[in-house]
Each structure stands twice: as C-alpha cells, then as structure tokens.
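Letter by letter, the chains look like this.
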Amino acid sequence: MAKYNVVTKNKREHSQERKRRAHGDPNSGKLKQRNDHHAISGKRKRKLQRRLNRDQKEAALLKALENMGDVDMVSAEASSETGKDKPQMKFNVKKNSRTQIKRLKGKGRKKAKNANPPTKEKIDAMVA
C-alpha cells in the first residue's frame, strides 16, 4: 500500500507541474483561481427572474406615478384656464363587473307598490 501512495503522489506532482507550465503565472508559476461555471437550477433561475420582474415593475410604477403627478399638475393648471365643458370619460369595465354594479344599484331601492289595491271581490275569491 505504501508504494501505491508514493506513485500516486508523484503522478499528482507531475500533472500539477505540467498545468503550472501551461496555464500558470510565468513569474511565480502559480495557477490562477478561476470560478466554476456551475449551472443555476431551474427553481433558482425562476426565483431570480421573478425578483427581477418585480423590481422592474416597481420601478415602472414609481416612474408612472411620478409622471402622473406631473400630468396632474399640468391638468390642474389647464383646467383652471379652460372651463369644465369636457364630457366625462367612459371607462371600459368588464361585463361581469358591470352586472355586479347594476345588481348592487338596485339593492337600496324599494319596490313600487301596486297603485290599485285589490278589490273586495278579489279578496273574497282568494279567501274562499
């Protein structure tokens, strides 16, 4: 066993010297420390991509809010100069939301009562 260890030790030594001659620093002979080209797992890649997308979205939102502030200031100046003759803007709302709004509008309304109360004959017919 001892002989095997000596042989492998010599092999390693020779291969290291060969590498130093080929790739090492000419003055010191030291090999450069290189980073591994390791592949990122799919899960990690997706996580990093989500984080990057979130940061970009937040940056775009902040920029949009900043621009909206500028537009509001300009529109406030413009509205003070011009009259308020502008028609209201119509917003496109999803059909589902529209039906919900219609349904909720009718919640507080009281139903109309019958203007003509039932006659006595109809009441007798219902009771009998």
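Residues numbered from 1 in each chain as written. Predicted model: local features only at pLDDT ≥ 70, side-chain atom pairs only at ≥ 80, totals over all residues. Heavy atoms only, no water.

## A few points about the overall build of the protein
- Per the secondary structure count, the protein includes four helices and zero strands.
- Ordered by position from N to C terminus, the α and β elements of the protein give α-α-α-α.
- Scored against the burial criterion, the 128 residues of the protein give a buried share of 2%.
- Total accessible area computed for the protein in this model is approximately 13900 Å², and 54% of it derives from carbon and sulfur atoms. (Helix = DSSP H or I, 4+ residues; strand = E, 2+ residues; numbered from the N terminus. Buried < 20%, exposed > 50% of the residue type's maximum accessible area, 1.4 Å probe, protein only. Areas by Shrake-Rupley, 256 points an atom, 1.4 Å probe, with all protein chains shown as cover.)

## Section: helix α1 (residues 2-23)
- In this model α1 runs 32 Å from its N-terminal to its C-terminal C-alpha over 22 residues, within 8% of the 32 Å that 1.5 Å per residue would give.
- Within α1, only one of the 22 residues are buried, which leaves it mostly out in the open. (Expected span 1.5 Å × (residues − 1).)

## A short note on a positive patch on the surface
- Taken together, the side chains of Lys43, Arg44, Arg46, Lys47, Arg50, Arg51 and Arg54 present a region of like positive charge at the surface.
- Within the secondary structure layout, lysine 43 lies in helix α2 (residues 42-81). (Patch = residues over 30% accessible without salt bridge, like charges linked within 9 Å, V, L, I, M, F, W, Y side chains within 5 Å. Salt bridge = Lys/Arg side-chain N within 4 Å of Asp/Glu carboxyl O. Lys, Arg positive; Asp, Glu negative; His and termini not counted. Charge placed at Lys NZ, Arg CZ, Asp CG, Glu CD.)

## With respect to a nonpolar patch on the surface
- Residues Leu61, Leu62, Leu65 and Met68 make up a contiguous nonpolar surface patch of about 430 Å² in total accessible area.
- A relative accessible area of 49% means that leucine 65 is categorised as partly exposed.

## Topic: the side chain of threonine 8
- Relative to the elements of secondary structure, threonine 8 occurs in helix α1.
- Of note is the side chain of threonine 8, whose polar atom sits 3.0 Å from the backbone oxygen of asparagine 5. (Polar contact = N/O pair within 3.5 Å; in protein donor to acceptor, adjacent residues only side chain to side chain.)

## Details of the confidence of the model for the protein
- Confidence along the protein averages 76 in pLDDT terms, with 61% of residues attaining 70 or more.
- Within the protein, helix α4 (residues 120-127) has the poorest average pLDDT of any element, 68, and α1 the best, 91. (pLDDT = per-residue confidence, 0-100.)

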